[in-house]
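Residue-level structure breakdown
One letter stands for each residue in the lines below.
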Amino acid sequence: MVAAAGIPIVDTPLVLAGGGIGSFVTADYLRIYGVPTSHMRILSNIDHPWQTYEYLTRVSQIPRPERIRSDSSSRPDNIWGFPPYTWQETFKQKTLKHWIQTLTEPIFSDFWTPQAGTVFKGMEREAQRISYWDMLVKGQVRMVRRRAGGGYFTILTPPPGASQTKRVAFRSQYVHLAIGYPGLRFLPDLQEFREKYQDYQHVVNAYEPHEHVYDYLRNRPGTVLVRGGGIVAARVLQRLINDRKQYGLKTQILHLFRTFVTSSHGPSIFKRRKGANGWAYQGFNYPKSVWGGQLKAKMRKLDGDARAKEYKEMGGTNTPKRRVWEKNMAEGRRENWYHPTQGVVDSVEPTPDGKLVTHFHSNDGVQRQAIADFIIDCTGLEADITEHRVLDDLLKFSGAYRNPLGRLEVETTFEVKNTASGNGALYASGSATLGGYFPGVDTFLGLQVAAQEIADDLARRRFCKKLGPFRSTTQWFKWAFNSRI
Amino acid sequence: MLPTLGGRIQTRIFLLCTVGVIITAILTPILPGMTGTMGERYTATYLILLTVLILGIIWEFIYHFLMQFRWEKDWPTLFGFITFINEGFLVWGLLLLGVVPGVDPAPPALAFWILFMVVWICVWAVANGPMRVPFIRWRFRGGRLI
């Protein structure tokens, strides 16, 4: 049928749909396990794996020299996580302070985290080493469908001029989907404001370019309303405060938390997360043990409501407690230019003099207004997975269904449930699978956990050889000496 | 580290039986103040290592319990190191009391602490990094090897 429709067919044993860090990490594992480049094709419309991530981190105020929120041993460019990034920065800068910080974290110091630039450079080196670009095929993935004879067809639209036909079909026994976030979702009241008043300048999302806000504040005094209590809000505050200090600005910062955390909180003495001044504190996106410890082991056994309940208990917006941020905010409260408050927004309207008034009510029912020049939405809401056409198609036509959190339900091996096709298998990892047996899917280490499960499952299916201790060690030396594989 | 109870115990047994055994083999002949034949010295040092291992398994239950009070359910690198204090002094105390079977009299303090600390530091250092090189699944399984 595909051939009859005039669509050329390319055969390859494994298709990796998506060219971000998820596919890169999976390809890295499989190359190290011994899979040749000729057995995999990575279909993507981006040029290098860290492209989207770098764009999002940069606009949300983490340029290359700034530190991301990730552990020293979570290295997408190194499946062993050894040596950790700390070593690299220690040798490069010839100082022991990074080592001392990792040895004393999180008790006597903040969690050590790598610079964004270190992570990108590492991935570039590893991508060269595993011949990543030999596997990359540029284009937009349109859909993945099961084939009547087993395996899958992945339909790709190549860039204009790159192919004689509008579409190309990749026929493969295995498919891995890592297509990232389906999209951003705005807070409903802010979306309504933007559409009603066609104002995309004064109400911005932290994940879209918004330098004009900082430029404006550098030229005249102004007020910014920051919404959200997560890491992005903390980052935006850091930028506003740094600019305030560096350029001697008079910026007033209003900060609205929907949930205002005042102290340690949680259902029992064994499940208490620290918090204060509005924030819930946590080193990383999840409690650390989801990546390998108790919580990982526990969640692996849970289904349905029990799994949803556990997600809820460990969930909630949070941010790391960093000493410099705490100091800045305390200064702002003392000097009366940083005003955190709790509130649920009812509406946002423009004022006659070109400002924005936010009507909100606090938990005690009192109505309040906040007037600002700009609103920065730092809530980081994500769109439903059906906003992505590949996932939508998968749910409609390929038997895939949703997990307790509404994303794709996958096995512990990351095979998408109910989508097997003959002797083929369809895997997915990354944010599309959040809510599964493993919680930290949308993180560097989570992508590696998933990739390892997938590579081991593919080894069980004899697609590749399992990586034992001896081969793992020899492969590590190849990594250490940057030998191409 | 992000250990489970089973992972803690397996890792401790594995590392003491590999790293611990090798370090003890190297150190025993050069430990200061040790008396007796070489066979007697090795018997004493390996019995001390065995005592550390057995008591360590009990300690792991205590650490696991304490870890439950941590939101992250993690075990910071620093904790993995400073627990040499409680573990070391317990073994040393038992040696002084003469209740460790087969080790009588207790070895000189300097010999004991050199042996104990070198083994401790090496095991801790391996667990915090190189262990992941041959065993790529180990860190994602809470420290379990099997």
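All values derive from a computational prediction rather than experimental measurement. In every chain, residue numbers begin from 1 and rise along the written sequence. Chains carry letters from A onward and ligands carry numbers from 1 onward, assigned in written order. Totals for whole chains, interfaces and linings use all residues, but because this is a predicted model, local features are given only for residues with pLDDT of at least 70 and pairs of side-chain atoms are given and counted only at 80 or more.

Side note on the nonpolar core
Residue and element names in this part refer to chain A. Selection criterion: Among buried residues, those of type Ala, Val, Leu, Ile, Met, Phe, Trp, Tyr and Cys that are joined through C-beta atoms within 7 Å form a set called a nonpolar core. Counting other C-beta atoms within 10 Å of its own, a residue is labelled buried from 20 upward, exposed at 12 or fewer, and partly exposed in the gap between, with every C-beta atom placed from the backbone. Where helices and strands are cited, they refer to DSSP runs of H or I of at least four residues and of E of at least two residues respectively, numbered from the N terminus. Once C-beta atoms have been placed from the backbone, residue pairs whose C-beta atoms lie within 7 Å are recorded as contacts.
If you look at the biggest cluster of nonpolar residues, it comprises 110 residues, and the most contacted ones within it are A17, A27, V144, L177 and V390. No other element matches the 9 residues that helix 14 (residues 444-460) contributes to this core. Not counting the four nearest positions on each side in its chain, L177 is found in contact with A17, G18, V144, V390, Y427, A428 and A432. I253, A370, A372 and I376 belong to the second largest nonpolar core, which has 33 residues in total.

Thoughts on the environment of A:F414
All names here are of chain A. Mapped onto the elements of the fold, F414 is located in the loop between helix 13 (389-397) and strand 21 (425-428). Counting along the chain gives 408 residues from F414 to G6, while the straight-line C-alpha distance between them is 33 Å. Ignoring anything within four residues of it in the chain, the contact list for F414 reads Y427, A428, S429, T433, A450, E453 and I454.

Some details on helix 7 (residues 188-197) of chain A
Because an α-helix packs 3.6 residues into every turn, residues spaced three or four apart end up facing the same way. All names here are of chain A. Threshold: Read the arc as the range of directions from the helix axis to the C-beta atoms.
Listed as buried for helix 7 are D189, L190 and F193. Buried residues of helix 7, seen end-on, are gathered within an arc of 100° and therefore sit on one face of the element. Residues of helix 7 that are exposed and angled more than 90 degrees away from the buried face: P188 and E195. On its buried face, helix 7 sits against strand 10 (203-205), strand 16 (344-350) and strand 19 (374-377). Once helix 7 ends, the next one or two residues include Q198, with phi positive near 50°.

Some details on the interface of chain B and chain A
Accessible area lost upon the coming together of the parts serves often as the stated size of an interface. Cut-off, in case you're wondering: Asp, Glu, Lys and Arg are counted as charged, while Ala, Val, Leu, Ile, Met, Phe, Trp, Tyr, Cys and Pro are counted as nonpolar; the rest, among them Gly, fall into the polar class.
Contacts between the two partners involve 24 residues from chain B and, on the opposite side, 34 residues from chain A. By residue class, the composition of the side of chain B that touches chain A is 12 nonpolar, 5 polar and 7 charged.

Observations regarding unusual backbone geometry
Residue and element names in this part refer to chain A. Here F82 and P83 are connected by a cis peptide whose omega angle stands at -5°. Inspection of the secondary structure assignment puts P83 in the loop between helix 2 (51-59) and helix 3 (85-93). In this model, E105 is joined to P106 through a cis peptide bond whose omega is -15°. Looking at the element boundaries, P106 is found in the loop between helix 4 (97-104) and helix 5 (116-129). Not every positive phi belongs to a glycine, and Q61 is a case in point at roughly 75°. Along the chain, the position of Q61 falls in the loop between helix 2 and helix 3. One non-glycine residue, Q198, lies in positive phi territory at about 50°. Its place among the elements puts Q198 in the loop between helix 7 and strand 10.

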